[in-house]
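# Observations on chain architecture
Chain residues, written in single-letter form:
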Amino acid sequence: MDRREIAHVMRTMGALLEIKGEDSFKVRAYEKAAERLAYHDYDLPAMAREGRLVEIPGIGKNLEPKLRELIQTGRSSFLERLFQEVPEGLLDLLRVPGIGPKTARLLHESLGVAGLQDLKVALQEHRVQSLPGLGKKREELMEKGLREIERYSGRLSIGIALPVLENLVGALSLHGVRGEIVGETRRYEETVASLDVLMQEVGGESPASTLARTAILPSASQSSLEQAWDPKDRAFAFRTSFGVALRLHFEDEQAFWARAISLTGPASFVESLAKRAKKKGYRLEERGFYQSDRLVDAGDETGIFGLLDMCFVPPEARHRPELIGLAYLEGGEGEPQEGCERFDFVSTGDIKGDLHVHTSWSDGVAGIEDMVQKARSLGYSYLAITDHATDLKLIRGLTPERLEAQLAEIRDVSRKYPDVRVLTGVEVDILKDGQLYLPDDLLSRLDLVVASVHQDIGDAKGELVNRLVKAVANPNVDLIGHPTGRLIGRRPGHQAGLGPVFEAAAASGTALEINSSPQRLDLPEELAAAALEAGATFAICTDAHSPEILEDMRFGVYASARRAGIPRDKVLNARERPQEAMKKGS
DNA sequence: GCCGTTTTCGGCCCGACTGTTTTCAGTCG
């Protein structure tokens, strides 16, 4: 079981306890433990064996046995008990805006609502507004949120899907078995409906034997493996705790890459590639790349594109038909890969620094020095420390006084690490009237100012676009943080009518963030493409609240920027020197 | 439920907003 899947189960336990009405700090303890497990790479099987799980911060005498069972058997009797008391579907209700644990329980106990489908019906019949404490407004809020949730139901964030599959492929390779990530995950879709890996068949070994030998699914017996095998699909399908299926496809060596192309998709791309093949005298099928009924050994996927006189089309660009046309090298011979600058999108290797991170000066969990050390380990040339300046009380934000104190600490840390330029910055709130939370004279002294909307996200007065335009026009603002404010699968954010913001940003040189957090991916691909069209520049940032999250940069780069076709010269933090990444210079 | 103790229990993420109340519970950032 992947550590992220274990973390997911712990989080589920917490949520179920919350619905049961348990003490909120107890719930919090499960969430904290889950967080810890998700982001730290402990050798869990060894620690479980040696009774050392309690060494993990947040794991005490009560969580230890639950965690150990989960690690060693892939099951949890505690979770199963909880599910007997609280229907699984109630968990989904918690994602609906306006529904917390109390309301979820109320809906269940008085209306028998046990999931999203029940809720939908109850809302349609206006039975929800009759409940004590609820009313018409609440019903409308739920109805609106439900639509957003339905769009993402049964889907898993790329932020979990990708690392889980990378781990799995890594474990396979330790056993000499080749695996490639395919499907939506390979294309960096924001969310995926299934987890797909293509495994190469091992000569003289059945797929079930190969799988049993690699022990990547410790809880699966040989017989259960044989049951999960679908000979027609040539794939195993397993249920995961994430609610999406894990599919392990098998193919022999000769047909491996043809099958990989087919499984990577999307269907429209595979179809047009097959047409191209036909035109070039080949036949591209699901299970082989042929010329006159003979399997062609093209080497790998790139080789197949080459034989079709095409540039390699990166998987994350295959959903865009106009890009496929660009890949054709007519009359082309020789080295198609070299002539493919048209796919020269910004890449993770181009990123020279992160311009939006938090520390324990506001709601981050690590100190400035920890973040700087992590930035160094990633090979960055610069890092901007941008803690919150906000009047939201939950976050202990930076006041002018605390900001002064922080600047002194940044100076000290800077001296210690001369190889990384630590930029002074702030993430300042855009208030309800479009003013910023800190005064201009203070902002003008900082290297970099991120301005973001955290208040009145619901945009009660319909002023959001004006607020953003006002912030963009402020000469002290370098970057607009998570411009739409969406949270994937939870709230849609403001995705319509941002044209004026993009135009203002292009005119003033204020960059727009592509927030790399897999929960946000904001700007999303379509809007990033629109902003690019409008002439805007971008900064791809992680918004990290802990050092590990600095590694999430790739999600912004791939799942938004590259899918939108953004070139590196439009990305501030792909620039070599920090001064170039700041509008004002330094 | 965890942690850190002044070692056996109290603190841990606070407070505005909302819609529903008739004095506030629940949600959310």
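A brief look at the structure comes next. None of the values given here were measured: they were computed from a predicted structure. (Residues numbered from 1 in each chain as written. Chains lettered and ligands numbered in written order. Predicted model: local features only at pLDDT ≥ 70, side-chain atom pairs only at ≥ 80, totals over all residues. Heavy atoms only, no water.)

## Section: the overall build of chain A
Secondary structure summary: chain A contains 24 helices and 17 strands in total. Here chain A has a C-alpha radius of gyration of 26 Å; the compact-globule value for 586 residues is 25 Å, and the two agree. Out of the 586 residues in chain A, the part that is buried amounts to 52%. Long-range contacts, defined here as pairs at least 24 residues apart, represent 69% of the contacts in chain A between residues at least 6 apart. Total accessible area on chain A stands at roughly 25,500 Å², and carbon and sulfur atoms take up 49% of it. (Helix = DSSP H or I, 4+ residues; strand = E, 2+ residues; numbered from the N terminus. Rg over C-alpha atoms; globule rule 2.2 N^0.38 Å. Buried < 20%, exposed > 50% of the residue type's maximum accessible area, 1.4 Å probe, protein only. Contact = heavy atoms within 4.5 Å. Areas by Shrake-Rupley, 256 points an atom, 1.4 Å probe, with all protein chains shown as cover.)

## Quick notes on the sheet that holds strand E7 (residues 245-251)
Taken together, the 5 strands give an open sheet; going across it, the order is E2-E4-E7-E6-E5, and neighbouring strands pair in mixed fashion. The outermost strands of the open sheet, each flanked by one partner alone, are strand E2 (179-182) and strand E5 (229-230). Bridge count for strand E6 (residues 235-239) against E7 is 5 bridges, and the pairing is antiparallel. Each bridged residue has a counterpart across the sheet, and for Ala 237 the counterpart in E7 is Arg 247. (Pairing = 2+ DSSP bridges.)

## Digging into the packing of helix H21 (residues 464-473) against helix H22 (residues 499-508)
Between H21 and H22, the least distance of the axes is 9 Å, while the angle of their chain directions is 5°. In terms of orientation, H21 and H22 fall into the roughly parallel class. Mapping the contact onto sequence places Val 465, Leu 468, Val 469 and Val 472 in H21 and Pro 500, Val 501, Ala 504, Ala 505 and Ser 508 in H22. (Axes fitted to C-alpha atoms, helices over the stretch in contact; angles between N-to-C directions. Parallel < 35°, antiparallel > 145°, perpendicular 65-115°, else oblique.)

## Notes on the side chain of His 249
Position of His 249 among the secondary structure elements: in strand E7. A distance of 2.8 Å separates the side chain of His 249 from the side chain of Asp 196, its partner in a polar contact. When near neighbours in sequence (up to four residues on either side) are disregarded, His 249 contacts Val 182, Asp 196, Val 197, Leu 198, Met 199, Arg 234, Ala 235, Arg 259 and Leu 263. (Polar contact = N/O pair within 3.5 Å; in protein donor to acceptor, adjacent residues only side chain to side chain.)

## Overview of H21
Every α-helix carries 3.6 residues per turn, so stepping three or four residues along brings you back to the same face. Of the positions making up H21, those classed as buried are Leu 464, Arg 467, Leu 468, Ala 471 and Val 472. The buried residues of H21 occupy an angular sector of 135° when projected down its axis, which confines them to one face. (Arc of directions from axis to C-beta.)

## Some remarks on the nonpolar core
Phe 236, Leu 248, Val 426, Leu 512 and Ile 540 are the most contacted members of the largest nonpolar core, which totals 95 residues. In terms of nonpolar packing, the next biggest core, distinct from the first, is built from 47 residues, Met 10, Tyr 30, Leu 37 and Val 113 among them. (Core = buried A, V, L, I, M, F, W, Y, C linked by side-chain atoms within 4.5 Å.)

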